[in-house]
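# Observations on the three-dimensional arrangement
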Amino acid sequence: MTPQANPAQVSSDRSVAAIGILVERFGERCVRSEAVRVQHGHTTTWIPNQPPEAVVYAQSTEEVAEIVRVCAEHKVPVIPFGTGSSLEGHVNAPMGGVSIDLSGMNEILSVSPEDLDCRVQAGVTRKQLNAHLRDTGLFFPIDPGADASLGGMASTRASGTNAVRYGTMRDAVLGLTIVTPQGEIVRTGGRARKSSAGYDLTRLMVGAEGTLGVITELQLRLFGIPEAISGGICPFPDVESACNAVISTIQCGIPVARIELLDKEQVRACNTYSKLDLVETPTLFLEFHGSQAGVKEQSDLFNDIATEFGGGPFVWETQPEARTKLWEARHNAYWAAFTLRPGSKVVATDVCVPISRLAECVEATRKDIDESGFVAPIVGHVGDGNFHVQVLIDETVPEEIDAAQAFVERLNLRAIEMDGTCTGEHGVGQGKVKYMRKEHGNGVTLMQTLKAAIDPDNIMNPGKILPPS
(Lines give C-alpha, C1' and ligand atoms only; values in the text may rest on other atoms or scores of the structure.)
Protein backbone atom coordinates (compact mmCIF):
# COMPACT_ATOMS: atom_id res chain seq x y z
CA MET A 1 0.00 0.00 0.00
CA THR A 2 1.28 3.49 -0.85
CA PRO A 3 2.66 5.35 2.20
CA GLN A 4 0.21 7.92 3.54
CA ALA A 5 1.24 11.55 3.37
CA ASN A 6 1.00 13.14 6.79
CA PRO A 7 2.02 16.69 7.73
CA ALA A 8 3.07 15.41 11.16
CA GLN A 9 5.77 13.35 9.46
CA VAL A 10 7.61 16.33 8.01
CA SER A 11 10.99 16.32 9.75
CA SER A 12 11.19 18.92 12.50
CA ASP A 13 14.38 20.52 13.76
CA ARG A 14 14.17 18.20 16.77
CA SER A 15 14.01 15.02 14.72
CA VAL A 16 16.72 16.20 12.32
CA ALA A 17 18.99 16.83 15.32
CA ALA A 18 18.17 13.49 16.97
CA ILE A 19 18.61 11.47 13.77
CA GLY A 20 21.91 13.26 13.12
CA ILE A 21 23.20 12.08 16.51
CA LEU A 22 21.96 8.54 15.85
CA VAL A 23 23.65 8.44 12.44
CA GLU A 24 26.91 9.56 13.99
CA ARG A 25 26.63 6.93 16.74
CA PHE A 26 25.24 3.94 14.81
CA GLY A 27 26.52 4.61 11.30
CA GLU A 28 25.01 2.25 8.72
CA ARG A 29 22.67 0.81 11.36
CA CYS A 30 20.69 4.07 11.30
CA VAL A 31 18.88 3.92 7.97
CA ARG A 32 16.89 6.68 6.29
CA SER A 33 16.15 5.19 2.88
CA GLU A 34 12.50 5.31 1.83
CA ALA A 35 12.32 1.58 1.11
CA VAL A 36 13.46 0.63 4.61
CA ARG A 37 11.26 3.23 6.27
CA VAL A 38 8.18 2.05 4.39
CA GLN A 39 9.09 -1.53 5.34
CA HIS A 40 8.88 -0.43 8.97
CA GLY A 41 5.45 1.18 8.64
CA HIS A 42 2.22 -0.77 8.59
CA THR A 43 2.18 -3.17 5.63
CA THR A 44 -0.50 -5.71 6.60
CA THR A 45 -4.24 -5.39 5.94
CA TRP A 46 -5.89 -2.09 5.07
CA ILE A 47 -4.49 0.57 7.42
CA PRO A 48 -2.34 3.06 5.43
CA ASN A 49 1.45 2.93 5.80
CA GLN A 50 2.91 5.79 7.86
CA PRO A 51 6.69 5.26 7.80
CA PRO A 52 9.11 6.53 10.46
CA GLU A 53 11.76 9.12 9.64
CA ALA A 54 14.61 6.72 10.41
CA VAL A 55 15.16 3.11 11.44
CA VAL A 56 17.88 2.11 13.92
CA TYR A 57 18.88 -1.55 14.19
CA ALA A 58 19.63 -2.20 17.87
CA GLN A 59 21.81 -5.05 19.12
CA SER A 60 21.49 -4.79 22.91
CA THR A 61 19.38 -3.40 25.72
CA GLU A 62 22.04 -0.77 26.34
CA GLU A 63 21.81 0.39 22.72
CA VAL A 64 18.03 0.63 22.94
CA ALA A 65 18.42 2.76 26.08
CA GLU A 66 20.90 4.98 24.28
CA ILE A 67 18.56 5.45 21.31
CA VAL A 68 15.63 6.27 23.59
CA ARG A 69 17.68 8.78 25.59
CA VAL A 70 18.57 10.66 22.41
CA CYS A 71 14.94 10.67 21.29
CA ALA A 72 13.71 11.69 24.75
CA GLU A 73 16.13 14.62 24.88
CA HIS A 74 14.76 15.91 21.57
CA LYS A 75 11.13 14.81 22.22
CA VAL A 76 11.11 12.58 19.14
CA PRO A 77 8.69 9.60 18.95
CA VAL A 78 10.02 6.03 19.35
CA ILE A 79 8.29 3.07 17.68
CA PRO A 80 9.45 -0.46 18.63
CA PHE A 81 9.54 -2.94 15.71
CA GLY A 82 9.77 -6.74 15.86
CA THR A 83 8.75 -8.56 12.67
CA GLY A 84 5.97 -6.26 11.46
CA SER A 85 3.28 -8.97 11.51
CA SER A 86 0.77 -7.02 13.63
CA LEU A 87 -2.60 -6.21 12.08
CA GLU A 88 -3.83 -2.93 13.58
CA GLY A 89 -1.18 -0.38 12.62
CA HIS A 90 0.97 -0.88 15.73
CA VAL A 91 4.25 -0.03 13.94
CA ASN A 92 3.04 3.05 12.07
CA ALA A 93 4.63 6.42 12.83
CA PRO A 94 1.73 8.91 12.54
CA MET A 95 3.82 11.61 14.24
CA GLY A 96 7.10 10.71 12.61
CA GLY A 97 10.01 9.60 14.76
CA VAL A 98 12.46 6.71 14.97
CA SER A 99 11.70 3.02 14.57
CA ILE A 100 13.86 0.77 16.77
CA ASP A 101 14.26 -2.55 14.95
CA LEU A 102 14.82 -5.30 17.54
CA SER A 103 15.10 -8.21 15.10
CA GLY A 104 18.88 -8.38 15.60
CA MET A 105 18.38 -8.93 19.34
CA ASN A 106 17.65 -12.61 18.81
CA GLU A 107 19.75 -14.41 21.39
CA ILE A 108 18.31 -17.11 23.67
CA LEU A 109 20.03 -16.10 26.89
CA SER A 110 19.26 -19.07 29.15
CA VAL A 111 17.05 -22.13 29.47
CA SER A 112 16.27 -23.75 32.83
CA PRO A 113 14.60 -27.11 32.14
CA GLU A 114 14.31 -27.88 35.85
CA ASP A 115 12.32 -24.67 36.44
CA LEU A 116 10.42 -24.75 33.13
CA ASP A 117 11.50 -21.26 32.10
CA CYS A 118 13.86 -19.38 29.82
CA ARG A 119 15.16 -15.87 29.14
CA VAL A 120 15.32 -14.46 25.62
CA GLN A 121 15.97 -11.21 23.82
CA ALA A 122 12.92 -9.52 22.32
CA GLY A 123 13.81 -10.32 18.70
CA VAL A 124 13.69 -14.10 19.19
CA THR A 125 10.73 -15.56 17.30
CA ARG A 126 8.48 -18.32 18.61
CA LYS A 127 9.65 -20.81 15.97
CA GLN A 128 13.28 -20.05 16.76
CA LEU A 129 12.68 -20.66 20.45
CA ASN A 130 10.85 -23.94 19.90
CA ALA A 131 13.58 -25.18 17.53
CA HIS A 132 16.13 -24.43 20.26
CA LEU A 133 14.03 -26.23 22.89
CA ARG A 134 13.40 -29.35 20.80
CA ASP A 135 16.01 -31.53 22.55
CA THR A 136 15.04 -30.41 26.07
CA GLY A 137 11.58 -32.00 26.08
CA LEU A 138 10.04 -28.53 26.52
CA PHE A 139 8.10 -26.16 24.29
CA PHE A 140 6.67 -22.66 24.27
CA PRO A 141 2.93 -22.94 23.52
CA ILE A 142 1.76 -19.45 22.53
CA ASP A 143 1.12 -19.69 18.81
CA PRO A 144 -0.48 -16.72 17.00
CA GLY A 145 0.15 -18.27 13.58
CA ALA A 146 2.71 -15.79 12.27
CA ASP A 147 6.33 -16.35 13.30
CA ALA A 148 6.18 -13.20 15.40
CA SER A 149 8.91 -11.91 17.68
CA LEU A 150 8.38 -12.70 21.34
CA GLY A 151 8.81 -9.05 22.28
CA GLY A 152 6.06 -8.12 19.84
CA MET A 153 3.87 -10.95 21.10
CA ALA A 154 4.21 -9.63 24.66
CA SER A 155 3.56 -6.06 23.52
CA THR A 156 0.26 -7.02 21.89
CA ARG A 157 -0.64 -9.64 24.53
CA ALA A 158 -0.80 -12.22 21.76
CA SER A 159 -2.77 -15.43 21.92
CA GLY A 160 -3.31 -18.24 19.43
CA THR A 161 -4.51 -21.75 18.80
CA ASN A 162 -3.23 -23.18 22.11
CA ALA A 163 -4.68 -20.46 24.33
CA VAL A 164 -7.67 -22.49 25.49
CA ARG A 165 -5.29 -24.80 27.39
CA TYR A 166 -2.05 -22.87 27.90
CA GLY A 167 -3.26 -19.29 28.15
CA THR A 168 -1.98 -16.15 26.40
CA MET A 169 1.19 -14.08 26.64
CA ARG A 170 -0.26 -12.56 29.81
CA ASP A 171 0.11 -15.99 31.43
CA ALA A 172 3.42 -16.90 29.79
CA VAL A 173 5.54 -13.89 30.77
CA LEU A 174 7.21 -14.08 34.19
CA GLY A 175 9.32 -10.96 33.86
CA LEU A 176 10.68 -8.36 31.46
CA THR A 177 13.56 -6.04 30.84
CA ILE A 178 12.22 -2.73 29.56
CA VAL A 179 13.62 0.63 28.54
CA THR A 180 11.51 3.47 29.92
CA PRO A 181 10.61 6.66 28.01
CA GLN A 182 13.49 8.34 29.85
CA GLY A 183 15.98 5.73 28.60
CA GLU A 184 16.35 3.91 31.92
CA ILE A 185 16.69 0.11 32.04
CA VAL A 186 14.20 -1.55 34.40
CA ARG A 187 13.73 -5.24 35.15
CA THR A 188 10.24 -6.34 36.18
CA GLY A 189 9.02 -9.58 37.70
CA GLY A 190 11.38 -12.51 38.18
CA ARG A 191 11.54 -16.29 37.98
CA ALA A 192 9.26 -17.09 40.90
CA ARG A 193 5.86 -18.39 39.79
CA LYS A 194 4.05 -15.97 42.07
CA SER A 195 4.76 -12.80 44.01
CA SER A 196 2.86 -10.38 46.24
CA ALA A 197 5.59 -7.73 46.15
CA GLY A 198 4.48 -4.38 44.78
CA TYR A 199 2.70 -3.34 41.61
CA ASP A 200 2.58 -5.90 38.81
CA LEU A 201 4.70 -3.96 36.33
CA THR A 202 5.11 -7.00 34.11
CA ARG A 203 1.37 -7.23 33.46
CA LEU A 204 1.23 -3.48 32.91
CA MET A 205 3.80 -3.74 30.12
CA VAL A 206 2.32 -6.89 28.54
CA GLY A 207 -0.27 -5.54 26.12
CA ALA A 208 0.90 -1.91 26.35
CA GLU A 209 1.93 -2.07 22.67
CA GLY A 210 5.13 -0.13 23.26
CA THR A 211 3.30 2.93 24.59
CA LEU A 212 4.93 2.72 28.05
CA GLY A 213 8.40 1.39 27.22
CA VAL A 214 10.43 -0.86 24.92
CA ILE A 215 10.60 -4.56 25.84
CA THR A 216 14.14 -5.86 25.25
CA GLU A 217 14.21 -9.18 27.18
CA LEU A 218 11.60 -11.65 28.43
CA GLN A 219 11.51 -14.38 31.09
CA LEU A 220 9.03 -16.98 29.80
CA ARG A 221 7.22 -20.04 31.12
CA LEU A 222 7.80 -23.31 29.29
CA PHE A 223 5.85 -26.57 29.25
CA GLY A 224 6.72 -30.21 28.86
CA ILE A 225 6.02 -31.74 25.46
CA PRO A 226 2.99 -34.03 25.98
CA GLU A 227 3.45 -37.78 25.94
CA ALA A 228 0.70 -38.08 23.36
CA ILE A 229 -0.95 -35.68 20.93
CA SER A 230 -4.04 -36.51 18.95
CA GLY A 231 -6.39 -34.42 16.93
CA GLY A 232 -8.57 -34.28 13.94
CA ILE A 233 -11.49 -32.62 12.22
CA CYS A 234 -15.23 -32.71 12.68
CA PRO A 235 -17.72 -31.23 10.18
CA PHE A 236 -21.06 -29.73 11.23
CA PRO A 237 -24.22 -28.86 9.32
CA ASP A 238 -24.02 -25.18 10.31
CA VAL A 239 -22.00 -22.68 12.31
CA GLU A 240 -24.47 -22.63 15.21
CA SER A 241 -24.16 -26.39 15.75
CA ALA A 242 -20.36 -26.20 15.68
CA CYS A 243 -20.33 -23.32 18.19
CA ASN A 244 -22.75 -25.12 20.51
CA ALA A 245 -20.50 -28.20 20.42
CA VAL A 246 -17.57 -25.98 21.42
CA ILE A 247 -19.55 -24.45 24.29
CA SER A 248 -20.57 -27.88 25.58
CA THR A 249 -16.98 -29.19 25.26
CA ILE A 250 -15.59 -26.35 27.36
CA GLN A 251 -18.40 -26.47 29.92
CA CYS A 252 -17.85 -30.22 30.37
CA GLY A 253 -14.26 -29.54 31.35
CA ILE A 254 -12.61 -31.51 28.56
CA PRO A 255 -9.00 -30.20 28.57
CA VAL A 256 -8.84 -29.65 24.82
CA ALA A 257 -5.55 -28.07 23.71
CA ARG A 258 -6.85 -26.55 20.48
CA ILE A 259 -10.36 -26.16 19.13
CA GLU A 260 -10.66 -24.04 16.00
CA LEU A 261 -13.67 -23.14 13.87
CA LEU A 262 -13.52 -22.70 10.11
CA ASP A 263 -16.76 -21.73 8.41
CA LYS A 264 -17.56 -23.18 4.99
CA GLU A 265 -15.98 -20.24 3.12
CA GLN A 266 -12.74 -20.68 5.04
CA VAL A 267 -12.78 -24.45 4.43
CA ARG A 268 -13.20 -23.78 0.71
CA ALA A 269 -10.22 -21.40 0.79
CA CYS A 270 -8.04 -23.89 2.70
CA ASN A 271 -8.94 -26.66 0.26
CA THR A 272 -7.70 -24.51 -2.61
CA TYR A 273 -4.63 -23.02 -0.96
CA SER A 274 -3.41 -26.01 1.09
CA LYS A 275 -4.52 -28.76 -1.29
CA LEU A 276 -6.98 -30.37 1.13
CA ASP A 277 -10.17 -32.24 0.27
CA LEU A 278 -12.38 -31.35 3.24
CA VAL A 279 -16.16 -31.25 2.92
CA GLU A 280 -17.06 -27.57 2.47
CA THR A 281 -19.12 -27.11 5.59
CA PRO A 282 -18.42 -25.52 9.00
CA THR A 283 -15.64 -27.60 10.54
CA LEU A 284 -13.84 -27.83 13.87
CA PHE A 285 -10.10 -28.59 14.01
CA LEU A 286 -9.15 -30.10 17.38
CA GLU A 287 -6.08 -31.28 19.26
CA PHE A 288 -5.74 -33.10 22.59
CA HIS A 289 -2.58 -33.31 24.72
CA GLY A 290 -1.80 -35.75 27.53
CA SER A 291 -1.19 -39.45 28.09
CA GLN A 292 -2.14 -42.08 25.51
CA ALA A 293 -5.19 -43.07 27.57
CA GLY A 294 -6.05 -39.45 28.33
CA VAL A 295 -6.15 -38.21 24.76
CA LYS A 296 -8.25 -41.19 23.69
CA GLU A 297 -10.72 -40.50 26.46
CA GLN A 298 -10.89 -36.80 25.54
CA SER A 299 -11.42 -37.63 21.87
CA ASP A 300 -14.22 -40.09 22.70
CA LEU A 301 -15.96 -37.55 24.91
CA PHE A 302 -15.78 -34.90 22.23
CA ASN A 303 -17.13 -37.35 19.64
CA ASP A 304 -20.19 -37.93 21.83
CA ILE A 305 -20.77 -34.17 22.13
CA ALA A 306 -20.33 -33.61 18.40
CA THR A 307 -22.83 -36.34 17.60
CA GLU A 308 -25.34 -34.74 19.94
CA PHE A 309 -25.15 -31.51 17.90
CA GLY A 310 -25.34 -33.20 14.52
CA GLY A 311 -21.61 -33.19 13.82
CA GLY A 312 -19.43 -35.89 12.42
CA PRO A 313 -17.83 -38.02 11.49
CA PHE A 314 -14.97 -37.02 13.78
CA VAL A 315 -11.80 -38.05 11.92
CA TRP A 316 -9.12 -38.68 14.53
CA GLU A 317 -5.48 -38.23 13.47
CA THR A 318 -2.52 -39.50 15.50
CA GLN A 319 0.15 -39.41 12.77
CA PRO A 320 2.31 -36.26 13.15
CA GLU A 321 2.50 -35.68 9.39
CA ALA A 322 -1.29 -35.63 8.96
CA ARG A 323 -1.77 -33.35 11.97
CA THR A 324 0.95 -31.00 10.76
CA LYS A 325 -0.70 -30.67 7.36
CA LEU A 326 -4.02 -29.76 8.98
CA TRP A 327 -2.51 -27.18 11.32
CA GLU A 328 -0.38 -25.65 8.59
CA ALA A 329 -3.62 -25.19 6.64
CA ARG A 330 -5.17 -23.50 9.68
CA HIS A 331 -2.16 -21.21 10.14
CA ASN A 332 -2.29 -20.28 6.46
CA ALA A 333 -5.96 -19.30 6.68
CA TYR A 334 -5.12 -15.61 6.18
CA TRP A 335 -3.29 -16.27 2.91
CA ALA A 336 -5.85 -18.86 1.84
CA ALA A 337 -8.61 -16.25 2.06
CA PHE A 338 -7.18 -14.40 -0.93
CA THR A 339 -8.07 -17.36 -3.17
CA LEU A 340 -11.74 -16.53 -2.64
CA ARG A 341 -11.30 -13.18 -4.38
CA PRO A 342 -7.96 -12.88 -6.22
CA GLY A 343 -6.48 -9.39 -6.30
CA SER A 344 -8.37 -8.27 -3.22
CA LYS A 345 -7.15 -6.73 0.02
CA VAL A 346 -8.06 -8.16 3.42
CA VAL A 347 -9.66 -6.20 6.22
CA ALA A 348 -8.79 -8.51 9.12
CA THR A 349 -10.44 -8.10 12.49
CA ASP A 350 -11.08 -10.11 15.64
CA VAL A 351 -13.40 -10.03 18.63
CA CYS A 352 -13.87 -12.17 21.72
CA VAL A 353 -17.05 -12.86 23.70
CA PRO A 354 -17.99 -14.98 26.73
CA ILE A 355 -18.19 -18.60 25.62
CA SER A 356 -21.93 -18.71 26.33
CA ARG A 357 -22.51 -15.93 23.74
CA LEU A 358 -20.24 -17.42 21.07
CA ALA A 359 -22.90 -19.10 18.89
CA GLU A 360 -25.11 -16.02 19.03
CA CYS A 361 -22.29 -13.65 18.07
CA VAL A 362 -20.94 -15.80 15.24
CA GLU A 363 -24.41 -16.38 13.81
CA ALA A 364 -25.26 -12.67 13.92
CA THR A 365 -21.93 -11.88 12.27
CA ARG A 366 -22.45 -14.44 9.52
CA LYS A 367 -25.90 -12.96 8.85
CA ASP A 368 -24.40 -9.46 8.69
CA ILE A 369 -21.77 -10.67 6.19
CA ASP A 370 -24.35 -12.31 3.96
CA GLU A 371 -26.69 -9.32 4.01
CA SER A 372 -23.78 -6.99 3.22
CA GLY A 373 -22.74 -9.09 0.22
CA PHE A 374 -19.15 -9.54 1.40
CA VAL A 375 -16.79 -12.39 0.72
CA ALA A 376 -15.62 -12.81 4.32
CA PRO A 377 -14.57 -16.15 5.84
CA ILE A 378 -14.72 -16.69 9.60
CA VAL A 379 -12.05 -18.57 11.53
CA GLY A 380 -11.42 -18.58 15.23
CA HIS A 381 -9.89 -19.88 18.45
CA VAL A 382 -13.42 -20.55 19.58
CA GLY A 383 -12.44 -22.49 22.70
CA ASP A 384 -12.03 -19.15 24.44
CA GLY A 385 -14.72 -17.25 22.53
CA ASN A 386 -12.32 -15.57 20.08
CA PHE A 387 -12.95 -15.45 16.33
CA HIS A 388 -11.64 -13.60 13.29
CA VAL A 389 -13.32 -12.25 10.17
CA GLN A 390 -11.40 -11.52 6.98
CA VAL A 391 -13.33 -9.19 4.69
CA LEU A 392 -12.01 -9.23 1.11
CA ILE A 393 -12.34 -5.87 -0.60
CA ASP A 394 -11.22 -4.03 -3.72
CA GLU A 395 -9.24 -1.18 -2.16
CA THR A 396 -9.65 0.91 -5.34
CA VAL A 397 -13.40 1.15 -4.68
CA PRO A 398 -14.07 3.67 -1.87
CA GLU A 399 -17.58 2.32 -1.33
CA GLU A 400 -16.20 -1.13 -0.51
CA ILE A 401 -13.74 0.32 2.00
CA ASP A 402 -16.51 2.34 3.65
CA ALA A 403 -18.83 -0.69 3.79
CA ALA A 404 -16.11 -2.87 5.27
CA GLN A 405 -15.28 -0.31 7.94
CA ALA A 406 -18.98 -0.03 8.81
CA PHE A 407 -19.18 -3.81 9.11
CA VAL A 408 -16.11 -3.92 11.39
CA GLU A 409 -17.70 -1.25 13.58
CA ARG A 410 -20.93 -3.25 13.87
CA LEU A 411 -18.94 -6.37 14.75
CA ASN A 412 -16.90 -4.64 17.45
CA LEU A 413 -19.93 -3.00 19.02
CA ARG A 414 -21.83 -6.31 18.88
CA ALA A 415 -19.04 -8.05 20.80
CA ILE A 416 -18.79 -5.27 23.40
CA GLU A 417 -22.55 -5.30 23.92
CA MET A 418 -22.30 -9.04 24.62
CA ASP A 419 -19.83 -8.28 27.46
CA GLY A 420 -16.95 -9.15 25.15
CA THR A 421 -14.06 -7.16 23.73
CA CYS A 422 -13.23 -5.46 20.45
CA THR A 423 -10.03 -7.50 20.22
CA GLY A 424 -9.15 -10.86 21.72
CA GLU A 425 -5.59 -10.95 20.41
CA HIS A 426 -4.81 -8.54 17.56
CA GLY A 427 -4.48 -5.61 19.93
CA VAL A 428 -5.74 -2.04 19.62
CA GLY A 429 -3.00 -0.25 17.66
CA GLN A 430 -4.56 2.49 15.57
CA GLY A 431 -7.40 0.42 14.17
CA LYS A 432 -9.47 -0.03 17.33
CA VAL A 433 -8.77 3.13 19.31
CA LYS A 434 -12.31 4.37 18.62
CA TYR A 435 -13.83 1.47 20.61
CA MET A 436 -11.82 1.91 23.80
CA ARG A 437 -14.26 4.30 25.50
CA LYS A 438 -17.19 2.06 24.64
CA GLU A 439 -15.45 -0.97 26.13
CA HIS A 440 -13.70 0.55 29.14
CA GLY A 441 -15.62 3.73 29.97
CA ASN A 442 -13.82 5.80 32.59
CA GLY A 443 -11.10 3.16 32.68
CA VAL A 444 -9.67 4.92 29.62
CA THR A 445 -9.16 8.05 31.70
CA LEU A 446 -7.14 6.04 34.21
CA MET A 447 -5.08 4.56 31.37
CA GLN A 448 -4.43 8.09 30.07
CA THR A 449 -3.30 9.13 33.55
CA LEU A 450 -0.84 6.22 33.71
CA LYS A 451 0.45 7.01 30.22
CA ALA A 452 0.99 10.69 31.10
CA ALA A 453 2.80 9.81 34.33
CA ILE A 454 5.15 7.28 32.73
CA ASP A 455 5.59 9.02 29.36
CA PRO A 456 4.84 12.73 29.92
CA ASP A 457 6.21 13.78 26.53
CA ASN A 458 4.19 11.09 24.70
CA ILE A 459 7.16 9.78 22.73
CA MET A 460 6.49 6.05 23.14
CA ASN A 461 4.55 4.75 20.13
CA PRO A 462 2.12 7.71 20.12
CA GLY A 463 -1.29 7.38 18.51
CA LYS A 464 -1.85 3.79 19.63
CA ILE A 465 -4.36 2.29 22.12
CA LEU A 466 -5.60 5.52 23.70
CA PRO A 467 -7.91 8.14 22.19
CA PRO A 468 -6.80 11.78 22.57
CA SER A 469 -7.41 13.17 26.08
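Summarised in this report is the structure supplied together with it. (Residues numbered from 1 in each chain as written. Predicted model: local features only at pLDDT ≥ 70, side-chain atom pairs only at ≥ 80, totals over all residues. Heavy atoms only, no water.)

Counting buried residues along strand 10 (residues 214-221), seven of its eight residues qualify, which places the element largely inside the surrounding structure. Bridging between strand 6 (residues 117-121) and strand 10 involves five bridges; their strand directions are antiparallel. Note that in strand 10 the partner of V120 across the bridge is L218. As paired elements, strand 8 (residues 173-179) and strand 10 share six bridges and run antiparallel to each other. Bridge assignment links V179 to a residue of strand 10, and that residue is V214. (Buried < 20%, exposed > 50% of the residue type's maximum accessible area, 1.4 Å probe, protein only. Helix = DSSP H or I, 4+ residues; strand = E, 2+ residues; numbered from the N terminus. Pairing = 2+ DSSP bridges.)

Turning our attention to the side chain of N271. Examined against the element boundaries, N271 turns out to sit in helix 10 (residues 264-274). Ignoring any residue separated from it by four or fewer positions in sequence, one finds N271 in contact with L276, D277, L278 and E280. (Contact = heavy atoms within 4.5 Å.)

Right, let's talk about the sheet that holds strand 6 for a bit. Within the open sheet, the five strands sit side by side as 5-6-10-8-9. Their pairing is antiparallel. In the strand order of this sheet, the two ends are held by strand 5 (108-112) and strand 9 (185-189), each with one partner. Averaged over all adjacent pairs, the angle separating strand axes in this sheet is 10 degrees, with direction ignored. Across five bridges, strand 8 lies against strand 9 in antiparallel orientation. Looking at the pairing, I178 lines up with V186 of strand 9. (Axes fitted to C-alpha atoms, helices over the stretch in contact; angles between N-to-C directions.)

This next bit is on the packing of aromatic side chains. Using the criterion set out here, one finds eight aromatic pairs in the structure. Between F285 and W327 the ring centres are 6.0 Å apart and the planes differ by 85 degrees, which places this aromatic pair in the edge-to-face class. Note that F285 is positioned in strand 14 (residues 283-290) and W327 in helix 12 (residues 320-331), a separation of 42 residues in sequence. Accessibility assignment for this pair places F285 and W327 in one class, buried. For R25, the ring lying beneath its charged end belongs to F26, and the centroid distance is 4.4 Å. Taking the ring centre of W327 as reference, the NZ or CZ of R258 above it sits at 4.4 Å. (Phe/Tyr/Trp six-rings, centres within 6.5 Å; stacked < 30°, edge-to-face > 60°. Lys NZ or Arg CZ within 6 Å of the ring centre and 35° of its normal.)

Glancing now at the sheet that holds strand 14. Overall, antiparallel pairing links the seven strands, which are arranged 15-12-14-13-17-18-16 in an open sheet. Where the open sheet ends on each side, the last strands, each with one partner, are strand 15 (315-317) and strand 16 (345-352). Adjacent strand axes in the sheet meet at a mean angle of 15 degrees, parallel and antiparallel pairs treated alike. As defined by bridge partners, strand 12 (residues 228-235) adjoins strand 15 across three bridges and the pair is classed as antiparallel. Paired with G231 across the two strands is E317, which belongs to strand 15. Of the strands in this sheet, strand 13 (256-262), strand 17 (378-380) and strand 18 (386-393) touch helix 14 (residues 358-372), which is tilted by about 5 degrees from strand 18. Of the strands in this sheet, strand 16 and strand 18 are in contact with helix 15 (residues 398-417), which crosses strand 16 at around 10 degrees.

As far as function goes, none of this settles anything; it's purely spatial.
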